[in-house]
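Remarks on the overall topology
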Amino acid sequence: MRVLGFGCRIIVFLALWMGVKAEIYLVTVEGDPVISYRGGVPGFEATAVETDENFDPTSQFVTSYAQHLEKKHDMLLGMLFNHGSYEKLYSYKHLINGFAVHVSPDQAEILRHAPGVKSVVRDWKVRRLTTHTPQFLGLPTGVWPTGGGFDRAGEDIVIGFVDSGIFPHHPSFATHHTEPYGPVPKYRGKCEVDPDTKRDFCNGKIIGAQHFAKAAIAAGLFNPTIDFDSPLDGDGHGSHTASIAAGNNGIPVKIHGYEFGKASGMAPRARIAVYKALYRLFGGFVADVVAAIDQAVHDGVDILSLSVGPNSPPTTTKTTFLNPFDATLLAAVKAGVFVAQAAGNGGPFPKTLVSYSPWIASVAAAIDDRRYKNHFTLGNGKILSGIGLSPSTHPNQTFTLVSANDVLLDSSAMKYSPSDCQRPEVLNRNLVEGNILLCGYSFNFVSGTASIKKVSETAKSLGAVGFVLAVENASPGTKFDPVPVSIPGILITDVPKSMELIDYYNVSTPRDWTGRVRSFKAVGSIGDGLMPILHKSAPQVALFSARGPNIKDFSFQDADLLKPDILAPGSLIWAAWSPNGTDEPNYVGEGFAMISGTSMAAPHIAGIAALVKQKHPRWSPAAIKSALMTTTTKLDRAGGPLQAQQYSETEEVKLVPATPFDYGSGHVSPRAALDPGLIFDAGYEDYLGFLCTTPGIDVHEIRNYTNSQCNNSMGHPSNLNTPSVTVSHLVGTQTVSRTVTNVAEEETYVITARMHPAIAIETSPPAMTLKVGASRKFTVTLTVRAVTGTYSFGEICLKGSRGHKVRIPVVAMGYWR
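Quick notes on the rules
- Residues numbered from 1 in each chain as written.
- Predicted model: local features only at pLDDT ≥ 70, side-chain atom pairs only at ≥ 80, totals over all residues.
- Heavy atoms only, no water.
- Helix = DSSP H or I, 4+ residues; strand = E, 2+ residues; numbered from the N terminus.
- Buried < 20%, exposed > 50% of the residue type's maximum accessible area, 1.4 Å probe, protein only.
- Areas by Shrake-Rupley, 256 points an atom, 1.4 Å probe, with all protein chains shown as cover.
- Contact = heavy atoms within 4.5 Å.
- Polar contact = N/O pair within 3.5 Å; in protein donor to acceptor, adjacent residues only side chain to side chain.
- Arc of directions from axis to C-beta.
- Axes fitted to C-alpha atoms, helices over the stretch in contact; angles between N-to-C directions.
- Parallel < 35°, antiparallel > 145°, perpendicular 65-115°, else oblique.
- Nonpolar A, V, L, I, M, F, W, Y, C, P; charged D, E, K, R; others polar.
- Pairing = 2+ DSSP bridges.
- Salt bridge = Lys/Arg side-chain N within 4 Å of Asp/Glu carboxyl O.
- pLDDT = per-residue confidence, 0-100.
- Domains from an automatic or database assignment.
- Phe/Tyr/Trp six-rings, centres within 6.5 Å; stacked < 30°, edge-to-face > 60°.
- Lys NZ or Arg CZ within 6 Å of the ring centre and 35° of its normal.
- Core = buried A, V, L, I, M, F, W, Y, C linked by side-chain atoms within 4.5 Å.
- Disulfide = S-S within 2.5 Å.

1. Describing the overall build of the protein chain
Scanning the protein chain for helices and strands turns up 20 helices and 39 strands. Seen through its C-alpha atoms, the protein chain measures out along the principal axes to roughly 90 × 85 × 60 Å. Within the span of the protein chain, comprising 817 residues, buried residues form 60% of the whole. For the protein chain, the exposed area adds up to about 31,600 Å²; of that, 53% sits on carbon and sulfur atoms.

2. Observations concerning the environment of Asp-406
With respect to the helices and strands, the residue Asp-406 is situated in the loop between strand S19 (399-403) and helix H11 (429-432). Sequence separation of Asp-406 and Leu-530 is 124 residues, and the distance between their C-alpha atoms is 30 Å. Sequence-distant contacts of Asp-406, that is, excluding residues within four places in its chain, are made with Leu-431, Tyr-505, Arg-511, Val-517 and Phe-520. A polar contact of 3.0 Å, which involves the side chain of Asp-406, links it to the side chain of Arg-511.

3. Topic: helix H3 (residues 105-112)
Structurally, the α-helix is built with 3.6 residues per turn, so residues lying three or four positions apart point the same way. Taken together, the buried positions of H3 are occupied by Gln-107, Ala-108 and Leu-111. When H3 is viewed along its axis, its buried side chains cluster within an angular range of 105 degrees and face the same direction.

4. Notes on the packing of helix H9 (residues 286-299) against helix H10 (residues 324-334)
It is the contact of H9 with H10, at a shortest axis distance of 10 Å, that shows an interaxial angle of 5 degrees. On the basis of their axis angle, the class for H9 and H10 is roughly parallel. Residue-level inspection shows Val-286, Val-289, Val-290, Ile-293 and Val-297 of H9 in contact with H10, the latter providing Pro-324, Phe-325, Thr-328, Leu-329 and Ala-332. Here the residues of the contact of H9 with H10 sort into nine nonpolar, one polar and no charged.

5. Some remarks on the sheet that holds strand S32 (residues 725-731)
The strand order across the open sheet formed by five strands is S32-S39-S38-S34-S36, and the pairing between neighbours is mixed. Both edges of this open sheet fall to S32 and strand S36 (767-770), since each of them pairs with a single strand only. Sheet twist, expressed as the average angle between the axes of neighbouring strands with direction ignored, equals 25 degrees. Direction of pairing for S32 relative to strand S39 (residues 805-815): parallel, over a ladder of five bridges. What sits directly across from Val-725, in S39, is Val-810.

6. Thoughts on unusual backbone geometry
Along the chain, Gly-347 connects to Pro-348 via a cis peptide bond; the corresponding omega equals 5 degrees. Mapped onto the elements, Pro-348 comes out in the loop between strand S14 (338-342) and strand S15 (361-367). Cis geometry marks the peptide bond from Ser-764 to Pro-765; its omega dihedral reads 0 degrees. Take Pro-765: it is sitting in the loop between strand S35 (759-764) and S36. Despite not being glycine, Phe-228 has its phi angle at roughly 65 degrees, a positive value.

7. Observations regarding the pattern of salt bridges
By the definition in use, this model includes 25 salt bridges. One salt bridge in this structure joins Arg-122 and Glu-23, with 3.8 Å as the shortest N-O distance. Of this pair, Arg-122 sits in strand S4 (residues 117-122) while Glu-23 is found in strand S1 (residues 23-29), placing the two residues 99 residues apart along the sequence. Two residues, Lys-497 and Asp-494, come together in a salt bridge whose shortest N-O distance is 3.9 Å. The exposure class of Lys-497 is partly exposed, given its relative accessible area of 27%. Its relative accessible area of 32% is what places Asp-494 among the partly exposed residues. A cluster of three or more residues bridged by salt bridges with shared partners is formed by Glu-70, Asp-74, Lys-88 and Lys-93.

8. Re the confidence of the model for the protein chain
Averaged over the protein chain, the pLDDT score is 88; the fraction of residues at 70 or greater is 90%. Low pLDDT (under 50) marks residues 1-19, which in the prediction has nine contacts with non-local residues, meaning those over four places away or in another chain.

9. Remarks on the domain arrangement of the protein chain
Taken as a whole, the protein chain is organised into domain 1 (23-122), domain 2 (155-369 + 537-674), domain 3 (374-413 + 424-532) and domain 4 (721-815). Domain 2 puts 19 residues into the contact, and the matching count from domain 3 is 16 residues. One can count one salt bridge joining domain 2 with domain 3. For the interface between domain 2 and domain 3, the tally reads five residue pairs in polar contact (both at pLDDT 80 or more). Here the side of domain 2 that touches domain 3 is composed, by residue class, of 13 nonpolar, four polar and two charged.

10. Re the packing of aromatic side chains
For the structure shown, the criterion picks out 18 aromatic pairs. Seen from their ring centres, Trp-359 and Tyr-687 are 5.9 Å apart, and the 70 degrees between their planes marks the pair as edge-to-face. Within this pair, whereas Trp-359 is found in the loop between S14 and S15, its partner Tyr-687 is found in helix H19 (residues 684-693), the two being separated by 328 residues in sequence. Each residue in the set Tyr-90, Tyr-92, Phe-212 and Tyr-275 is aromatic and connected to the rest through ring pairs, giving one cluster. One Lys or Arg, Lys-334, reaches over the ring of Tyr-684 and ends 4.2 Å from the middle of that ring.

11. Details of the sheet that holds strand S3 (residues 98-103)
Ordered in space as S2-S3-S1-S4, the four strands form an open sheet in which the pairing is antiparallel. In this open sheet, the two edge strands, each paired with only one partner strand, are strand S2 (87-92) and S4. Here the average twist between neighbouring strands, direction ignored, is 20 degrees. Two elements, S1 and S3, share six bridges in a ladder whose sense is antiparallel.

12. Remarks on the nonpolar core
Grouped together as the largest cluster of nonpolar side chains are 76 residues, with contacts concentrated most on Tyr-92, Val-162, Tyr-275, Ile-293, Val-301, Phe-321 and Trp-359. Element by element, the count of residues in this core is highest for H9, at nine residues. Per-domain counts for this core show at least three residues from each of domain 1 (23-122) and domain 2 (155-369 + 537-674). In this view, Trp-359 contacts Phe-321, Asp-326, Leu-329, Leu-330, Val-333, Tyr-687 and Leu-691; residues no more than four positions away in its chain are not counted.

13. Remarks on the state of the cysteines
Per the counting criterion, the structure on display carries three disulfides. Residue Cys-692 pairs covalently with Cys-710 via a disulfide, S to S 2.2 Å. Classification of the bridge connecting Cys-692 and Cys-710 rests on its S-S torsion, roughly -95 degrees, and on that basis the disulfide is left-handed. Here Cys-692 is found in helix H19, whereas its partner Cys-710 is found in the loop between helix H20 (699-706) and S32, with 18 residues between them in sequence. Cys-692 gets classed as buried once you look at its relative accessible area, which sits at 10%. Given the relative accessible area of 29%, Cys-710 is considered partly exposed.

14. Side note on H20
Taken together, the buried positions of H20 are Glu-701, Ile-702, Tyr-705 and Thr-706. Down the axis, H20 shows its buried residues gathered within 110 degrees of arc, on one side only. On its buried face, H20 sits against S1, S4, H10 and H19. Between the side-chain oxygen of the N-cap and the backbone nitrogen of His-700 there are 2.8 Å, and the N-cap of H20 in question is Asp-698. Immediately downstream of H20, the backbone of Asn-707 shows phi near 55 degrees, a positive value.

15. A look at the pairing of strand S6 (residues 158-163)
Along any regular strand the residues' side chains alternate between the sheet's two faces. The buried fraction of S6 is high, at six of six residues. Judged by which residues are buried, S6 turns out to be covered on both faces: Val-158, Gly-160 and Val-162 on one side and Ile-159, Phe-161 and Asp-163 on the other are all buried. In this structure, S6 lies alongside strand S10 (residues 271-276), joined through six bridges in parallel fashion. Bridge pairing in S10 places Gly-160 opposite Ala-273.

Shown next as structure tokens:
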């Protein structure tokens, strides 16, 4: 009884503590993190990384100083609060100096005013941002051979994935049919053990697997049954992104017995390090994501793929670039890690980006050249177009159409929305068997409570030869994706065509005076939708892809920095899926899924960056980003300018000329990126200069997050040495400078520029010759000619005598004085 009573007292105490609504806070404190500590604390040697390069996490100096910081975090909390009244979740030591803690708002206020505390930020949520593309991008013939073939592409490069985990048994990550993987000495991550199988998650291809859920648990949202208390992917998203960047080459994509081609990652020989911090039902928390990034950099990853972003600009800091998340990414880049982040899925509206900072690559999503189409032929000869990854009904044969509403077993079944065809038990098998089942596409499919996969299962279980889904009404801009099914099936997405089908069915179906069907006379046949059609009008910017201009604060004021940076495939991407995954109801239990999102675009860039890193191992993250950006294309396969999906006045989807706010520098061209000719390099001090010269940023806030004093020598944020030029408020004339470094043989470059007539543009000098490794500065002068109230776009081109072509976008909005 005494033991029970003791337990009850603990429960009562915890209930009282939790009753004051404890929340999670990220706290930064005085003192440099490992990445920037230059000495000064007695007994602890300097650990700072002076240039953008990988630091050694195994150094005794790093280990001892990190332990010192953690002890200080514990001491601070111990002095302020009684033991048991708070829960420290993480100590951040390597990239930022601080911790995540679960405390009451009152305790957070005490922390905020405590000596040595620099910032206290309430945690905020993040969300997921969701093959043929190696061929579309020219990797098998134009890139992989230069690195020794697909079986060497990305060799020994480690890509870290902060996502929803991984399904380690998928063939995209298997090692039985590959050359043995050797150790990667620079990587020092660990492999957690699956609590059920007692086996770890690593196999040589996967070399690290950890999960981070302390904030999710403290918030009371973590469900170990659904979310898995391990790196196992309970969603599907993490397996998908990992296989896009680094999945094995030539893996057959099979669903329902049909093969939809072969899948491959961009860098099929790269290693995978998993840092699970996203979960199915709620997304994730910044506290967990920051801990995952901190650990990944400590472990020694080369590339970070982030298909994750905040739900909105951070409200707790004035600046989009300055918060614990972006400050952690800045430190990661300082440590030599290239970061690719999904731009966001809020398109096609302006200022919808959730990836803001100059030190990372923000990736927009493109539609590639593959389209899946199908058709339904009515008994009256009309052919209705639609989508459906399915086989055809028997050739040269028509089948009777039966509507779900007309084959109910009982009229009371109407309460189950029978037209959705989600419940086979309410439909009469005797009337459905051997026929085509006609179903209605309702809002339940949009909300996820109904799925095309379930329609297929219903039709199959009732013995139907196939099914047709008719969209009778749709919200403007509703996006329909093709879904693989095991029997003939088609979705008629166009509302007028759906009405043609329904009218034909009603006219052909005689009924008695009560409305009951006397006989089913409507007939039709379903075409073969298994083979894709390749279009030359690709790439195009996907409708959902987030757009610029970039913003610098929560008030949505424009930043002098172009975002997104680059465009990559992100629509209808076939890649690995977790059979445990329930994120997409149409792919529950499947091994592959075809998903869309900037989540899919970011790992394309991460994988291609791994190929650049493999060829140029000493290049900084900024150099890799520059090589990717300056070699992009602004043309589609037909030779026309890139177009972007947009809404028309009637909110239908249309195509409009794309701008840098849609695609950044353009669509990625992997082969050209391996040999860019010139690069625009930048490092930590440059990014600090960008922050310090951005109007409206509090220098104290900069010091809080960077542990650095401000340096205003850059003069204006537009002078940051990025491969783009952006002036959001151009008054009169402004001159900005850029420095290029030659990474090829000696070459002479001629510099030209063009701009919309509202802005005059001049560059100086007109030409320059650079020896191997040499750097030269050039200037760009912009002058307002006319105030239009809109942005003007242009570009600068540096054309080399040896054939290199380096192109950067220019964006400016003019104002009168």
